[in-house]
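For reference, the chains in residue letters:
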Amino acid sequence: MEVEKRLLHLNEQIAKAAHACGRNPEEIRLIAVSKTKPISMVMEAYQYGIRDFGENRVQELVEKQEEAPADIRWHLVGHLQKNKVKYLLDKAELIHSLDSIALAHEIEKRAAAIEKIQNVLIQVNITGETSKFGVSAAELMDFCQTVSQFDHICVKGLMTISVKEYTMEQNRIVFEKLHQQFEEVKKRNFDHFDMQELSMGMTHDFPAAIAAGATMIRVGTAIFGERVYAQ
Ligand SMILES: *Cc1c(COP(=O)(O)O)cnc(C)c1O
């Protein structure tokens, strides 16, 4: 019940943010980020109608997928270690966090082995914090050029994470910058790129992301409540 109530409220806020900038809320896909939360809560969201779920650890994604209905699309939203790719590739609808050429090599190798084309987003570090993963805006075009050589990777768009402490206006500027990069990449028509998705916005900043053109928002706390991590 708690999850359903939160989802009702969240969908109202999504609709409000979309209408405020003249967008159709249907253009915005909600990825419910269920990391650390039990399968029972995933099922509550599922019963409400959610079919896209995000996890940031491969093992947790694999475990939940085994228990959950088969029509759920699983998204890997956090940093992906190369040695985990082999466990993930037949399970992930979309990897939101391609952030190095070494990782692209590994995805290419594993995807080729199972004759799959893996859909990915390139994570861009717009804010430039050194603690963050992601390709810098300055390196992005060269990065795309290299990734376009891989036959078993299809780049569907870009993803970014803003800064928790930022105001809505600061967040909007970050997300507008990602949108500009998106248009620039799209214009170049790289091989194996099919630019459609802008994955940006979390619980604290999704209205700013919607205003800047997000097609996917990744929301955890607003749906499932605060996460509690063991010390
Ligand atoms: C945890 C996480 C989210 C969801 O964050 P909330 O603040 O709980 O909405 C979104 N994106 C990524 C990459 C995450 O790791």
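Overview of the structure. Source: prediction; values computed, not measured.

## Thoughts on the site of the ligand
- Taken together, V33, K35, V77, M159, I161, M202, T203, R218, V219, G220, T221 and R227 make up all the residues around the ligand.
- Within the side chain of T203, an N or O atom sits 2.5 Å from an oxygen atom of the ligand.
- Taking T221, its side chain carries an N or O atom lying 2.5 Å from an oxygen atom of the ligand.
- Relative to its free-state accessible area of 390 Å², the ligand is covered by the protein chains to the extent of 92%.
- With respect to the pocket detection grid, the ligand is positioned in the largest pocket.
- Of the residues assigned to the shell around the ligand, the class counts are six nonpolar, three polar and three charged.

## Looking at the side chain of S162
- Relative to the elements of secondary structure, S162 occurs in the loop between β7 (153-159) and α7 (168-188).
- Taking relative accessible area as the criterion, S162 reaches 4% and is therefore assigned buried.
- Polar side-chain contacts of S162 include one of 2.6 Å to the side chain of N171.

## Side note on the pattern of salt bridges
- Summed over the entire model, instances satisfying the criterion amount to 17 salt bridges.
- Its salt-bridge partner being K91, residue D90 comes within 3.2 Å of it at the nearest N-O pair.
- In this structure, K156 engages D194 in a salt bridge whose closest nitrogen and oxygen atoms are separated by 2.6 Å. Of the two residues, K156 is situated in strand β7 and D194 in strand β8 (residues 193-199); the sequence distance between them amounts to 38 residues.
- By relative accessible area, which is 18% here, K156 ends up buried.
- Each member of the salt-bridge network shares a partner with another, and the members are E55, R57, E60 and K64.

## Points about the side chain of N171
- By the element assignment, N171 lies in helix α7.
- Assessed through its relative accessible area of 1%, N171 is described here as buried.
- Those residues within four positions of N171 in sequence are excluded, and the remaining contacts are S162, V163, Y166, D205 and A208.

## Focus: α7
- Compared with an ideal rise of 1.5 Å per residue, which puts 21 residues at 30 Å, α7 spans 31 Å between its outermost C-alpha atoms and is within 8% of the ideal.
- Among all positions of α7, only N171, V174, F175, L178, Q181, F182 and V185 are buried. The arc that holds the buried residues of α7, viewed along the axis, is 110 degrees, so those residues lie on one side. Relative to its buried face, α7 has exposed residues pointing more than 90 degrees away, namely Q180 and K187.
- Where the residues of α7 are buried, they touch β5 (118-125), α6 (140-147), β7, β8 and α8 (206-211).

## Things to note about the environment of L89
- With respect to the helices and strands, the residue L89 is situated in the loop between α4 (85-88) and β4 (94-98).
- By relative accessible area, which is 3% here, L89 ends up buried.
- Between the alpha carbons of L89 and I114 there is a distance of 8.6 Å; along the sequence they are 25 residues apart.
- Those residues in contact with L89 that sit more than four places away from it in its chain are I95, I107, R110, A111, I114, K116 and Q118.

## Regarding the packing of α6 against α7
- One way to put it is that α6 packs onto α7 with a least axis distance of 11 Å and a crossing angle of 40 degrees. It follows from the interaxial angle that α6 and α7 lie oblique. The handedness of the crossing between α6 and α7 comes out as right-handed. The segment α6 lies against α7, with L140, M141 and C144 engaging Q181, E184, V185 and R188.

## Quick word on the layout of surface pockets
- Of the volumes computed, that of the largest pocket is approximately 660 Å³.
- Among the residues forming the lining of the largest pocket, the class breakdown is nine nonpolar, ten polar and seven charged.
- The space that makes up the second largest pocket amounts to roughly 260 Å³.
- Lining the second largest pocket are 13 residues, with N11, P25, I28, R29 and L30 positioned closest to its centre.
- Partitioning the lining of the second largest pocket into residue classes produces six nonpolar, two polar and five charged.

Basis of the calculations
Residues numbered from 1 in each chain as written. Predicted model: local features only at pLDDT ≥ 70, side-chain atom pairs only at ≥ 80, totals over all residues. Heavy atoms only, no water. Near = heavy atom within 4 Å. Polar contact = N/O pair within 3.5 Å; in protein donor to acceptor, adjacent residues only side chain to side chain. Areas by Shrake-Rupley, 256 points an atom, 1.4 Å probe, with all protein chains shown as cover. 1 Å grid on protein atoms, 1.4 Å probe; cavity = no way out; pocket = protein on both sides within 12 Å on 5 of 7 lines; lining within 4 Å. Sits in = over half its atoms within 2 Å of the grid points. Nonpolar A, V, L, I, M, F, W, Y, C, P; charged D, E, K, R; others polar. Helix = DSSP H or I, 4+ residues; strand = E, 2+ residues; numbered from the N terminus. Buried < 20%, exposed > 50% of the residue type's maximum accessible area, 1.4 Å probe, protein only. Salt bridge = Lys/Arg side-chain N within 4 Å of Asp/Glu carboxyl O. Contact = heavy atoms within 4.5 Å. Expected span 1.5 Å × (residues − 1). Arc of directions from axis to C-beta. Axes fitted to C-alpha atoms, helices over the stretch in contact; angles between N-to-C directions. Parallel < 35°, antiparallel > 145°, perpendicular 65-115°, else oblique. Left-handed = near helix turned anticlockwise from the far one by under 90°. Points joined across faces, edges and corners; volume = space filled by probe spheres on them.

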